[in-house]
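Here is how the chains run, residue by residue.
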Amino acid sequence: MVEKLPERGAEGYQRGLGTRQIQMLAIGGTIGTGLFLGAGENIAKAGPSLILMYAVAGVALFFVMRALGELLTYRTAEGGFAGYAREFLGPFWGYATTWTYWIIWVTTGMAELTAAGTYIQTWWPGVEQWQTALVALVILFVVNLISVKLFGELEFWFAMIKVAAIVMMILVGIGVLAFGFGDAGETARVANLWEHGGIFPEGYGATIMTLQMVMFAYLGVELVGVTASEAKDPERNIPRAINALPVRFALFYLGSLVVILAVVPWTAFKGGASPFVLAFDRIGISGGADIVNFVVLTAALSSCNAGGLYSTSRMLRTAGVNGDGPKVLARLSGRGVPVLTVVISAVVMGVGVVVNAVVPEKAFMYITSVSTGGALAVWTVILVAHMVYRRKADAGALPKAPYRMPWAPYTNWVVLAFFVFVTVTIAWEADTRIALYVAAVWAGVVGLGWLFVRRGARDVPGAEVAVEAEV
């Protein structure tokens, strides 16, 4: 019996992602090592006030996603937000957004592979870090080659593990606070949130300086826009996924941090320990460290799977479709998979496997600051493209989308101002300032690349041309 393949959209992709997979991709995109690991260092820097920074950043990102949702329900574009940058800001911005988003996730994927190798060593210290990183990359590479449906299924279960771990942490923490069981029962109390120096124990400045890592923790929320071309009934599923973001942010970020900091005083995080590992250890759950290590490993693999391979391969394919790269990048397999671009992204990410043994101590800080800087640029493009679209739609030049961004364009400007403020905080510290140096170099590379891309291709139209070649 011949397998019936999912229907294809106008972009040539198979619409193999169902409602539950889109919903879990939206969740998985916002839960990663930034929360499971990075939050510990930020708690040590700012104490309970970190919760406020997650709340502020979550509100800003929700409006970014509402802007993207309006664009997605107006028209599903090849390459997601890169397609809207091309349509509303011009061909150069579509090209720049495509390649910038690609490099963001390739770099982040390298960090996640390195993290995965580190987590495995907790159980098998005799295994070389590069070996486990390589195995993880090969497995995810094969999954992404087979079909988008298999990718979505794997990411669904990755997200389920992360969600289950956070929900379990919240429920156990509430039980400790309410009934006093466990080793932390005697010291656990809600007052821990304002005792030990107050809500801002290290001052307002220290709290503000956590924004860079907080924003990195939200990196991936925009993946919903990349999946639209392969989603079933995107007009219904995409708005549903976006509308649920405030509840998810409140539960997974704010809820988990509130419970953890009530159970474990923030002063216990002076070494920058993982909040989940420390909380499970303080409560006295048998095997808690192993459970959390498995969850964090899952988070790293999930990020590498969804961002590192899936989104980067789709962005590269967009470059081929639009003339921003070799046309061969636009080719799809018979199953609607951009095989060549998956291969390229995996090979480049493999560089991270090669350098695993020589990664310096501050590599994670450098990588996250670079990724955050790139993400701010992409989120800015989404907001600006949305403002141009809304202006044209209000003038009657374009159809109005059924899903609208609240209070636009005022909310656009407020969020853009917030992004400028975050950029200033990145420039303030020496460890994160490297992101701005890298951004300047990358801008030069993108500019030079544009000259080569458009040389001899000046007649390429700005709008996307669907390419459905098969290999």
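None of these values were measured; they are calculated from a predicted model.

How would you explain the overall build of the protein chain if you had to name every residue and give the values?
A tally of helices and strands in the protein chain yields 18 helices and zero strands. Within the span of the protein chain, comprising 471 residues, buried residues form 57% of the whole. Considering only contacts within the protein chain whose residues lie at least 6 apart along the sequence, 82% involve residues at least 24 apart. Here the protein chain displays about 18,400 Å² of accessible surface, and carbon together with sulfur accounts for 69% of that area.

Go over the confidence of the model for the protein chain, please, and point to the residues and values.
Averaged over the protein chain, the pLDDT score is 79; the fraction of residues at 70 or greater is 80%. In this model residues 1–16 is a low-confidence stretch, pLDDT under 50, and it forms 58 contacts with partners more than four residues away in sequence or in other chains. Note that pLDDT drops below 50 for residues 459–471; the model gives that stretch 34 contacts with residues more than four away or on any other chain.

Just give me the short version of the packing of aromatic side chains, but keep the residues and values in it.
Considering all chains together, one arrives at 20 aromatic pairs under this definition. For the ring pair Phe81 and Tyr101, a centre distance of 4.9 Å and an interplane angle of 80 degrees mean the geometry is edge-to-face. One end of the pair, Phe81, is in helix H4 (residues 81–89); the other, Tyr101, is in helix H5 (residues 91–123), with 20 residues separating them in the sequence. Per residue, the accessibility class of Phe81 equals that of Tyr101, and both read buried. Judged by centre distance (4.7 Å) and plane angle (35 degrees), the rings of Tyr218 and Tyr253 are tilted. A residue pair is termed long-range when its members are at least 10 positions apart, and Tyr218 in the loop between helix H9 (211–217) and helix H10 (223–227) and Tyr253 in helix H12 (residues 245–263) qualify at 35 residues. A relative accessible area of 0% places Tyr218 in the buried class. A residue is classified by how much of its surface remains accessible, and Tyr253, at 0% relative accessible area, is buried. Aromatic rings pair up to connect Tyr54, Tyr218, Phe249 and Tyr253 into one cluster.

Pulling in residues and values, what's your account of the pattern of salt bridges?
Evaluation of the coordinates by the stated rule reveals seven salt bridges. The partner of Glu87 in a salt bridge is Arg75, with the nearest N and O atoms 2.4 Å apart. With Glu87 in helix H4 and Arg75 in the loop between helix H3 (50–74) and H4, this residue pair connects regions lying 12 residues apart in the sequence. A cluster of three or more residues bridged by salt bridges with shared partners is formed by Glu70, Arg390, Asp394 and Arg404.

Now, about H12: what can you tell me, with residues and values included?
Between its terminal C-alpha atoms H12 stretches 26 Å, which fits the 27 Å expected from 19 residues at 1.5 Å a residue. Of all the bends in H12, the largest measures some 30 degrees and sits at Leu254. Within H12 the residues assigned to the buried category are Leu245, Arg248, Phe249, Phe252, Tyr253, Ser256, Leu257, Val259, Ile260, Leu261, Ala262 and Val263.

Rules of the game
Residues numbered from 1 in each chain as written. Predicted model: local features only at pLDDT ≥ 70, side-chain atom pairs only at ≥ 80, totals over all residues. Heavy atoms only, no water. Helix = DSSP H or I, 4+ residues; strand = E, 2+ residues; numbered from the N terminus. Buried < 20%, exposed > 50% of the residue type's maximum accessible area, 1.4 Å probe, protein only. Contact = heavy atoms within 4.5 Å. Areas by Shrake-Rupley, 256 points an atom, 1.4 Å probe, with all protein chains shown as cover. pLDDT = per-residue confidence, 0-100. Phe/Tyr/Trp six-rings, centres within 6.5 Å; stacked < 30°, edge-to-face > 60°. Salt bridge = Lys/Arg side-chain N within 4 Å of Asp/Glu carboxyl O. Expected span 1.5 Å × (residues − 1). Bend = angle between axes of the 7 residues up to and from the residue.

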